[in-house]
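As a plain string of letters, each chain reads:
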Amino acid sequence: MAANLNAQLEQEAGEELQAYKTLQGHVEQLLQSRGRFIQQRVENEAVRDELALDEGASVYKTVGPVLFKQDYDEVKENVAKRLEFIAKEVQKVDDQVKAKQEEQQKIGELIMKKQTELRAKAAEEAKKVYEEQMAKQA
């Protein structure tokens, strides 16, 4: 019966560990996504700053091998909208990362609890075996 209980606890701990690893993978993916958004933000901020240097300058957009002239105000507005969008996306990812990390922490605590239970059961079993051996020797 004790072996069965230990096996059950080990299985539950293993399942919790797998869930923890899965969440860790999700967090890594979210952090990679966040990194891409940050890179896009930096690029767009550079464009915004460059546009601010020369108000009303001619702005061109490369499409394949061709340059198309763009309206300065429209480009400036598009960059501002992209920066706003990126900021919202970074916030969404940050919120998701926080939620996943909180869930990961809860699972980590469950794993530690199950491991503590397993150790206590093993110590209890070892004590019983020791006492039985001592009783046989007496």
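Here the structure is a predicted model, which is why all the values come from computation and not from measurement.

1. Let's talk about the overall build of the protein chain
The number of helices and strands found in the protein chain is 2 helices and 2 strands. Starting at the N terminus, the α and β elements of the protein chain follow one another as α-β-β-α. For the protein chain, whose C-alpha radius of gyration is 29 Å, the value lies well above the compact-globule estimate of 14 Å for 138 residues. Considered along the principal axes of its C-alpha atoms, the protein chain spans approximately 100 × 25 × 20 Å. Per-residue burial over the protein chain gives 19% buried out of 138 residues. Across the protein chain, the fraction of contacts at a sequence separation of at least 24, relative to all contacts at a separation of at least 6, is 74%. On the protein chain, roughly 10600 Å² of surface is accessible, and the fraction owed to carbon and sulfur atoms is 52%.

2. Considering the pattern of salt bridges
When the charged atoms of two side chains with opposite charge come close together, those side chains can pair. Summed over all chains, the structure comprises 7 salt bridges. Glu55 is the partner of Lys76 in a salt bridge, and the nearest nitrogen-oxygen pair spans 3.2 Å. With Lys76 in helix α2 (residues 72–137) and Glu55 in the loop between α1 (2–53) and β1 (59–63), the pair connects residues that are 21 residues apart, well separated along the chain. Two residues, Lys92 and Glu89, come together in a salt bridge whose shortest N-O distance is 3.1 Å. You can see Lys92 and its partner Glu89 sitting in helix α2, 3 residues apart, about one turn around the helix. Overall, Glu89 belongs to the buried group, its relative accessible area being 16%.

3. Regarding the nonpolar core
Counting residues in hydrophobic clusters, the biggest one holds 7 residues: Val27, Leu30, Phe37, Ile86, Val90, Val93 and Val97. Looking at this core, the elements with two or more residues in it are α1 and α2. Tallying contributions element by element places α2 first for this core, with 4 residues. Among residues more than four places away in sequence, those in contact with Phe37 are Ile86, Glu89, Val90 and Val93.

4. Some remarks on the pairing of β1
Direction of pairing for β1 relative to strand β2 (residues 66–70): antiparallel, over a ladder of 5 bridges. Within the sheet, the bridge partner assigned to Lys61 lies in β2 and is Phe68.

5. So, the environment of Met112
Relative to the helices and strands, Met112 is located in helix α2. A C-alpha to C-alpha distance of 17 Å links Met112 and Gln24, two positions 88 residues apart in sequence.

6. So, the UniProt feature "coiled-coil region" (unreviewed entry) in the protein chain
The UniProt feature table records "coiled-coil region" (unreviewed entry) at residues 83–133. Within the segment residues 83–133, helix and strand shares are 100% and 0% respectively, and the terminal C-alpha atoms sit 73 Å apart.

7. Observations concerning a nonpolar patch on the surface
On the surface, Val63, Val66 and Phe68 cluster together into a nonpolar patch covering about 240 Å² of accessible area. As for its placement among the helices and strands, Phe68 is situated in strand β2.

8. Let's talk about the confidence of the model for the protein chain
In the predicted model, the protein chain carries a mean pLDDT of 89, and 94% of its residues have values of at least 70. The secondary structure element of the protein chain with the lowest average pLDDT is α1, at 87, and the one with the highest is β2, at 93.

Thresholds, definitions, all that
Residues numbered from 1 in each chain as written. Predicted model: local features only at pLDDT ≥ 70, side-chain atom pairs only at ≥ 80, totals over all residues. Heavy atoms only, no water. Helix = DSSP H or I, 4+ residues; strand = E, 2+ residues; numbered from the N terminus. Rg over C-alpha atoms; globule rule 2.2 N^0.38 Å. Buried < 20%, exposed > 50% of the residue type's maximum accessible area, 1.4 Å probe, protein only. Contact = heavy atoms within 4.5 Å. Areas by Shrake-Rupley, 256 points an atom, 1.4 Å probe, with all protein chains shown as cover. Salt bridge = Lys/Arg side-chain N within 4 Å of Asp/Glu carboxyl O. Core = buried A, V, L, I, M, F, W, Y, C linked by side-chain atoms within 4.5 Å. Pairing = 2+ DSSP bridges. UniProt positions renumbered as here; feature names shortened; annotations may be inferred. Patch = residues over 30% accessible without salt bridge, like charges linked within 9 Å, V, L, I, M, F, W, Y side chains within 5 Å. pLDDT = per-residue confidence, 0-100.

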